[in-house]
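# Structure at a glance
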Amino acid sequence: MSEERTIELLIGPQHPGSGHMRLTAEVDGDLIIKFDPNIGYVHRAVEKIAETKTYVQIIPLVERPALPDTANHNLGYVLALEKLLGVEAPPRAQYLRTLLAEITRIHSHLYGMGIHGIMIGASTMFMWALADREPMIELCQQLTGARLTYSYIVPGGVRRNLPQNFKENALKALRYMENRLKDYDKIFVSNPVTVARLRGVGTISKNDAARIGMVGPNLRASGIHYDVRKVEPYCAYPELEFDVAEREEGDCHARLLVRIDEIKQSIRIIRQILDRIPDGPILIESYMKLLSPKMRQETEERGIIKFPALFSALRVPKGEVNSRVEAGRGELFYHIVSDGSPQPYRFRMVTPSFRNVIAFKHALRGHRLADIPAVYGSLDYFPPEADR
Amino acid sequence: MLRGVATSVTATSPTRLLITVDAAKLGETATKLRDLGFDHVKSVTGIDFPEENRIDLLYHISAFEDLELAKAIVEVRTSLNRSEPKVQSLVDIWPSAEYSERETSDLFGVVFEGQPSGRLLLPDSYVGLPPLRKDLKIKTEGIDA
C-alpha cells in the first residue's frame, strides 16, 4: 500500500534555494516521510591539499570554504598550530583576534539571515541584510587590509595593529547595526507572515539536538547551553562579559532569534574590546627577534608585519593536537598530525555546516514540501563549508 | 571503568584524553563512554600509515548536555588492517557519527558495517584509490614555494 502512496522527489543539486546539494524527499502527497541530503557537490579536498602545503600556506586555504566567516576558520587553525609550536600570542593580539572574530560573526549571521529571508520570500530582508554586511566588511578592511580573506591571524600574533580612528568608525558601525536590528524586527523577525511560516516548524528537541550532534546557534535554539567561547574559552573571551544566546523552542523561529541575540552579544563584546584593549606588541617577542633590525624598526613604526618573510622557514615539531573554536555557524574542530616535516602529515577540519547537515534528516520529517525552504534557511547551512 | 576494554588511557593535556582500543572492543568502549554522558561525536577520521600497513581510526567525542564533560575532548583510537579496513559502525550508539563515518568511508576506503552503502562526498562515477590514502599523490601546479 505504502509503495503506491509515496513517491520519491529529487530536489537540486542546482540551487534548491541557495546551495549546491541534492535533496531526496519521499513524500505522501506533500507530506515528507523521509528526507535525505546528499552533499559533496562543492567538495574541494581541503584536507588533501593541506598535506601538500606548508603550515603558513594552509592559513589562506582554510579560509576558502567559509567566506562569510573566514576569521574564525583562520583562528581555529592557528590556535591548533600554536599548541604544536608551543607559543602564545601577546594580550593585545588576543584582543585583536577576538575583535575580528566577532565582526565576522555578525557578518556571518547577517548573511545567513538574508538567505533565510529570500528563501521564504522576504526579499527585503535579503537586500537589507546583505547590504548591511558592508559596514562590517569595511571595518575588517580597515583592520586587515582585505574585505573577506584576511589571513590576519598568524602564529604568535596578528598581522596588523589597530588603525587610527578605528574605534570611532567601529562605534559608528555598531550604532548603525543596533538601529537596523530594530528595523529587521519590524519587517521580518516579528512579522506575522514570518512567524506563521517559522514557528513550530522544523522543531528539534533538546535531546535530539544533542544526539544528532548539531552545533552553534541551531544547537542553542534547542535549549542546549553549549558555546565553545564559554566551555573552553580562548583568546580574550575569558576577560569579556557576554551571555550565551539560548532558546527552548527548537523551531525555525527560535534559530532565527538566537542569531539576532548573538549579533547583540557580539556588539557588546566588540564595545568592551574597544574600551579595554591592552597596549603592547602584536607579535610574540621570539618571532620579532627573527627580523633584521631595519625590518623590525619598520614593523614597529607601521604596525604591519610582513609575515611570509618571517614564517617561510617555520618548523613545526612532531606531535598531534586538536583545537575547537566557536565559529559563526557553530563549533569548528581541527586535528593536526605533524611528523616534523614542513607539511602536516594529516590535516583534519570539521566545519559547523558539516555537523549540521544531519539536521535536515530530522527537522523535515512530517512537514510539508513548502516547509523545506523555511527549515533549510533556518539551519544557515553553507554547502562549501560543509563539503570543504 | 574501562579496565579490560581499553588498551591504554592517556591524558594528553588537562582537557584532552586519548583512549586506544582494539578494533573489536570499539563498540564496547563507545557504549561505556556514552553511558558516562559523552553524548556526541565531533569527528571521525583516519590516518594512513602505508609502511606499517595500517589505518588509524579516530573518534573525537565530547558532551553537550553535561557541561563539565563538555570541557574534555576524548579521542578513541584504533588501528585497522590497511588491506581490508573494516569496523563496526558506531551510529547505533552515537547517531552523530553518521556523516563523519560516511566521509571516512569515502576518503579512506574504510568499511563501516551497519552504515548504508553508497557514497557521500565522492561522485558515484569516481574510480581509483580513496583520496586521502597516502599513495594517491595529487599533482601540484609547480608554483608552490
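Summary of the structure given here. Computed from a prediction, not measured in an experiment: that's the story for all the values here.

### What to know about the overall build of chain B
Along chain B, the regular secondary structure elements total 2 helices and 7 strands. Listing every helix and strand of chain B by position from the N terminus yields β-β-α-β-β-β-β-α-β. Along the first, second and third principal axes, the C-alpha set of chain B runs to 50 × 40 × 30 Å. Considering chain B as a whole, with its 145 residues, one finds that 42% of them fall into the buried category. Partitioning the contacts of chain B with sequence separation of at least 6, the portion at a separation of at least 24 is 56%.

### Concerning the environment of A:Glu82
All names here are of chain A. Relative to the assigned elements, Glu82 resides in helix α4 (residues 70-85). Put simply, Glu82 and Gly157 are 75 residues apart on the chain and 9.8 Å apart in space, counted from C-alpha to C-alpha. Excluding anything up to four places from it in sequence, Glu82 contacts Val87, Glu88 and Pro155.

### Digging into the nonpolar core
Residues and elements named next belong to chain A. One finds Tyr77, Leu96, Leu100, Ile103, Val357, Ala359 and Val375 to be the most contacted residues of the largest nonpolar core, which totals 146 residues. The element contributing the most residues to this core is helix α5 (residues 91-119), with 13 residues. Not counting residues up to four positions away in its chain, the partners in contact with Val375 are Val201, Gly202, Cys252, Ala363 and Leu364.

### Details of the sheet that holds strand β8 (residues 346-350) of chain A
All names here are of chain A. Read across the sheet, 3 strands follow the order β6-β7-β8 without closing on themselves; strand pairing throughout is antiparallel. For this open sheet the edge positions go to β6 (319-327) and β8, each flanked by a neighbour on one side alone. Pairwise comparison of adjacent strand axes, ignoring direction, gives a mean angle of 10° for this sheet. Pairing between β6 and strand β7 (residues 330-338): 9 bridges, direction antiparallel. Within β7, the residue paired with Val325 across the bridge is Leu332. Contacting β6 and β7, α4 crosses the sheet at an angle of about 150° to β6.

Scoring rules and cut-offs
Residues numbered from 1 in each chain as written. Chains lettered and ligands numbered in written order. Predicted model: local features only at pLDDT ≥ 70, side-chain atom pairs only at ≥ 80, totals over all residues. Helix = DSSP H or I, 4+ residues; strand = E, 2+ residues; numbered from the N terminus. Buried ≥ 20, exposed ≤ 12 C-beta atoms within 10 Å, placed from the backbone. Contact = placed C-beta atoms within 7 Å. Core = buried A, V, L, I, M, F, W, Y, C linked by C-beta atoms within 7 Å. Pairing = 2+ DSSP bridges. Axes fitted to C-alpha atoms, helices over the stretch in contact; angles between N-to-C directions.

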